[in-house]
Amino acid sequence: MSVDKAFEEEFLREGTEVLKHVIPKMVQIWKQLGFPTAKIQERFRTAVSHHKELWDSMLEEEQNNKKKIVSTIDRLGRQHHQLCKELGTHYREFGDEIPLLEMEKLLQETLAGLNKEKEERMKSVRALFHEEDKLCARLNVDPCSLNRDRIPTSDQFNMLQELVNKHKMEVVTRQGQFVTMRDSIKNSMAELEMSARSSFEMDLLVSDPQSISLSDADMNKIKEIQQGLVSRIEKNKRKTADLWSVIETLWDRLNIEQDVRQILHMQNRGSAPSTITSLEKELARLEELKRQNIERFIHAVRQDLISWWDRCYVSDAERRNFTPFYAELYTEDLLELHEAQVERYKELHTTHKDIFQKVLHRENLWKRMEDIEARGRDPSRLFGNRGCALLQEEKERTKIMKELPRVEAQLTELLNNYERTHGHVLQINGQDYRQVVINQWVLYEEQKENEKLQRQRERADKLVEEAKGGAKPNTPMKRRLGTTAAIRTQMESPKAKQRKLLMPSTAPQQRMGPGRRILTEAMVNQLPPGTPSDHDASVMSTYSVFTETLQKARQAKCVNSTVLMESTPSSSRGNATPMTAPHRRSTRLAAGSTPTLTPQSARTHHPMFRRSKSHSIMPAPLTTKLTPARSTPKLAIHKRPFLL
């Protein structure tokens, strides 16, 4: 049995007990009073009716209380739903099993928390709305269209906050722009020597940046004022620069003293209206002097024109085409013609300054390269290499060879662009500079090739001259592995050379050098028909065979040699044996000979050898010119460092 059922039964039982106890007493009292039965029954019905009315009244009152509570719960529920919707929170659901009074209490507590949250949010929202109103007033824009009587949702609150932050940033930006433009306007007015001309300009100069209107219209108006003043300043600067340019040109042409120029420069700085007025007065004074000295002035303009011709690389033919340059009747019209010509080439140089600068740079590089080539042809530079001059020269050569093609490529591109834009070639000294560059390189290569051929001919001639005397060509000795500088110095010392001269040559026959081979072939070619000419290079390695060949050549009357005169038996010597071979730099020439004389006596008594400036034994020149059997350029294979 449930609790409610038991409570009802208990209530009915107690009610029944009350009635059982009360009704008999009431009936007894009525009987004692002598009420008839009908009267007792009437009174009983009245009591029952009264009792019923009492319970009905109580029931109605409780029903009314229930309705009131239900109505309150319904109202609180609607408020709860509205607040949750406004705050953007989740709506709390209450089950049907909860009693009405408990539900009413829960709703009241929930509504109290939501109202507190609403009040806090409305407080921040009202602050945002207030701040938005101030910012919109400064920016002169409309505020947001949110309902200010209702609390905004979370999305609306975030949107309002972002809008306020955006207005703040815009105000800060425009405020900085206002301060910058106001300072610029103040400086421009001071530079232009002017003051505010309207009430807006006066308010602009004295207003507080924190409170001034920053609307689009006001900012545009301030910007227009600033740009107008800046344009006036730029105009004054251009006018001042033009005045100074004309004045300085007139100063140079009229030979005005430097003291006068410096004083005027110090007194007229900037581009204020007063400065322009002063410069205009100076220009008028110089124009009057120009008219008074027209002849001298025209000569000065002509010198200026020559300088611009040089800068623009004007050809002589084009210069001669300007016939007023040679006129001798000095008038204002002649001066104007010259000045117009100067302005023409000045504008040409200014417009295409990059082309003329590249041409000048390329010409300087080419001149430096030619200077380096000229120094490279001087062999004396090898003996004065102090401070690593040769290394620096090679570095400079490498740098120029890298930079010159790059500059030429850039210059070619500029000239091609000029030709595409203007439809004709920009003449440099009356020629297409691109073809000039090509011709210079062709001439340079031809010159290098001619120099190479000249060096080969000189080497061949030197080898022939050495071969005529039987000397070995001065070929550098190859460095041996493991040979140090000290060993090479010891081998090349005078004592080592003397020991080498005194040492008899018993070595086997070695290969003949180029000089000996050329001399042999030359002597064989000079022999007349019938003379034995089947001499091999190997049989010419001894001095005896060498003198025998000379003897045959002398008999054939194709060679005159003092060696044969000394070695031939005479009346005083009888059948004396020929003198031994004199000492030379190579021991191969003395191989197979009997050392009967010392090297010093051999060099002293033998007339075929003499001492050169370098103290080396050189053969005396032959009286008959020998023609080598092979071509001389082939002999230039032997490298000679001093000729490279």
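What counts and how
Residues numbered from 1 in each chain as written. Predicted model: local features only at pLDDT ≥ 70, side-chain atom pairs only at ≥ 80, totals over all residues. Heavy atoms only, no water. Helix = DSSP H or I, 4+ residues; strand = E, 2+ residues; numbered from the N terminus. Buried < 20%, exposed > 50% of the residue type's maximum accessible area, 1.4 Å probe, protein only. Contact = heavy atoms within 4.5 Å. pLDDT = per-residue confidence, 0-100. Phe/Tyr/Trp six-rings, centres within 6.5 Å; stacked < 30°, edge-to-face > 60°. Expected span 1.5 Å × (residues − 1). Patch = residues over 30% accessible without salt bridge, like charges linked within 9 Å, V, L, I, M, F, W, Y side chains within 5 Å. Areas by Shrake-Rupley, 256 points an atom, 1.4 Å probe, with all protein chains shown as cover. Salt bridge = Lys/Arg side-chain N within 4 Å of Asp/Glu carboxyl O. Polar contact = N/O pair within 3.5 Å; in protein donor to acceptor, adjacent residues only side chain to side chain. Lys, Arg positive; Asp, Glu negative; His and termini not counted. Charge placed at Lys NZ, Arg CZ, Asp CG, Glu CD.

Turning to the overall build of the protein, a few remarks are in order. In terms of helices and strands, the protein carries 20 helices and 4 strands. Buried residues in the protein amount to 31% of all 644 residues. A fraction of 70% describes how many contacts in the protein between residues 6 or more apart in sequence connect residues 24 or more apart.

Here we come to the confidence of the model for the protein. Should pLDDT be low for a region, the predicted coordinates there are not to be read in detail. Considering every residue of the protein, the mean pLDDT works out to 74; 71% of them sit at 70 or more. Between residues 563-644, whose pLDDT stays under 50, and residues either more than four places distant or in other chains, the model counts 149 contacts.

This part is about the packing of aromatic side chains. Under the criterion given, the structure shown has 9 aromatic pairs. With 5.3 Å between their ring centres and 45° between their planes, Trp 309 and Phe 325 make a pair best called tilted. One end of the pair, Trp 309, is in helix α9 (residues 294-311); the other, Phe 325, is in the loop between α10 (316-321) and α11 (332-351), and 16 residues separate them in sequence. One exposure class covers both Trp 309 and Phe 325, and it is buried. Seen from their ring centres, Trp 441 and Tyr 444 are 5.6 Å apart, and the 85° between their planes marks the pair as edge-to-face.

Turning to helix α14 (residues 433-468), a few remarks are in order. Residues spaced three or four apart along an α-helix face the same direction, because each turn holds 3.6 residues. Here α14 contains 36 residues, and its C-alpha end-to-end distance of 52 Å stays within 8% of the 52 Å for a straight helix at 1.5 Å per residue. Regarding α14, the residues found buried are Tyr 433, Arg 434, Val 436, Val 437, Tyr 444, Glu 451, Arg 459, Ala 460, Leu 463, Val 464, Glu 466 and Ala 467.

Before going further, it helps to spend a moment on unusual backbone geometry. Phi at Glu 193 is positive, roughly 55°, even though this residue is not glycine. Tracing the backbone shows Glu 193 in the loop between α4 (154-191) and α5 (199-206). Of note, the phi angle at Asn 255 is positive, near 55°, even though the residue is not glycine. The class of Asn 255 is exposed, set by a relative accessible area of 53%.

Quick look at helix α3 (residues 100-139) now. Its 40 residues place the ends of α3 55 Å apart at the C-alpha level, agreeing with the 58 Å of an ideal helix rising 1.5 Å per residue. Within two residues after α3, Asn 140 carries a phi angle of roughly 60°, on the positive side.

To continue, consider a nonpolar patch on the surface. Residues Phe 7, Phe 11, Leu 12, Leu 54, Trp 55 and Met 58 make up a contiguous nonpolar surface patch of about 630 Å² in total accessible area. Of all the secondary structure elements, the ones that give two or more residues to the nonpolar patch are α1 (3-33) and α2 (37-87). Tracing the chain through its elements places Phe 7 in helix α1. The exposed category is assigned to Phe 7, whose relative accessible area is 59%.

Tallying each qualifying case throughout the model produces 28 salt bridges. Arg 174 is paired through a salt bridge with Glu 170; the nearest N and O atoms lie 2.6 Å apart. Of the two residues, Arg 174 and Glu 170 both sit in helix α4, 4 residues apart, roughly one turn of that helix. Across the salt bridge formed by Glu 394 and Arg 397, the nearest N and O atoms sit 3.4 Å from each other. One end of the pair, Glu 394, and the other, Arg 397, are both in helix α13 (residues 389-422), 3 residues apart, so they sit about a helical turn from each other. Connected through shared salt-bridge partners, Glu 373, Glu 393, Glu 394, Arg 397 and Lys 448 make up one network.

This next bit is on the side chain of Lys 290. Structurally, the position occupied by Lys 290 is in helix α8 (residues 273-292). Residue Lys 290 is classed as buried on the basis of its relative accessible area, which comes to 7%. Within the structure, Lys 290 has its side chain in polar contact with the side chain of Glu 287 (distance 2.8 Å).

On to a negative patch on the surface. A contiguous patch of negative charge on the surface is contributed by Glu 53, Asp 56, Glu 60, Glu 61 and Glu 62. As for its placement among the helices and strands, Glu 61 is situated in helix α2.

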